[in-house]
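Now for the letters of each chain:
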Amino acid sequence: MTRPGIVVDTDDLERGSGDIKIRPASGPDTATLLRVQLTGRSRGGDIIARPPRRKLSEWLLRTTSSSGR
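Since the structure is predicted, the reported quantities are computational estimates derived from the model, not experimental observations.

Caption draft 1: Main features of the environment of Val 7. Relative to the assigned elements, Val 7 resides in strand S1 (residues 6-15). Judged by its relative accessible area of 27%, Val 7 is partly exposed. Taking the C-alpha atoms as reference points, Val 7 and Pro 24, separated by 17 residues in sequence, lie 7.1 Å from one another. Each residue touching Val 7, except ones within four places of it in the same chain, is listed here: Thr 32, Leu 34, Arg 35 and Val 36.

Structure below.
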């Protein structure tokens with residue numbers, strides 16, 4: 001899943017095998033902040049669009065704003 005406002009366009013991508021996994025995080029009314037267009041050929045393997053993974057230190061120091069504290 002990408003972040004809100006980020007669109008990944010794979011219409012011009014030719015694929016031989018593998019999967020393309022892109023789940024948009026925003027609805028149709030969200031303004032586009034960044035458009036990534038993938039073009040060319042993919043002969044094998046998966047293409048997955050997702051936010052960067054957090055580092056261990058970011059997990060340990062994360063804020064708990066969603067829990068109401």
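After that view of the structure, there is still more to cover.
Caption draft 2: Summary view of the side chain of Asp 9. Assignment of secondary structure puts Asp 9 in strand S1. Buried charge without a partner: Asp 9 forms no salt bridge, and the closest opposite charge is Arg 35, 4.3 Å away. Ignoring any residue separated from it by four or fewer positions in sequence, one finds Asp 9 in contact with Arg 35, Val 36, Gln 37 and Leu 38.

Procedures and definitions
Residues numbered from 1 in each chain as written. Predicted model: local features only at pLDDT ≥ 70, side-chain atom pairs only at ≥ 80, totals over all residues. Heavy atoms only, no water. Helix = DSSP H or I, 4+ residues; strand = E, 2+ residues; numbered from the N terminus. Buried < 20%, exposed > 50% of the residue type's maximum accessible area, 1.4 Å probe, protein only. Contact = heavy atoms within 4.5 Å. Lys, Arg positive; Asp, Glu negative; His and termini not counted. Salt bridge = Lys/Arg side-chain N within 4 Å of Asp/Glu carboxyl O.

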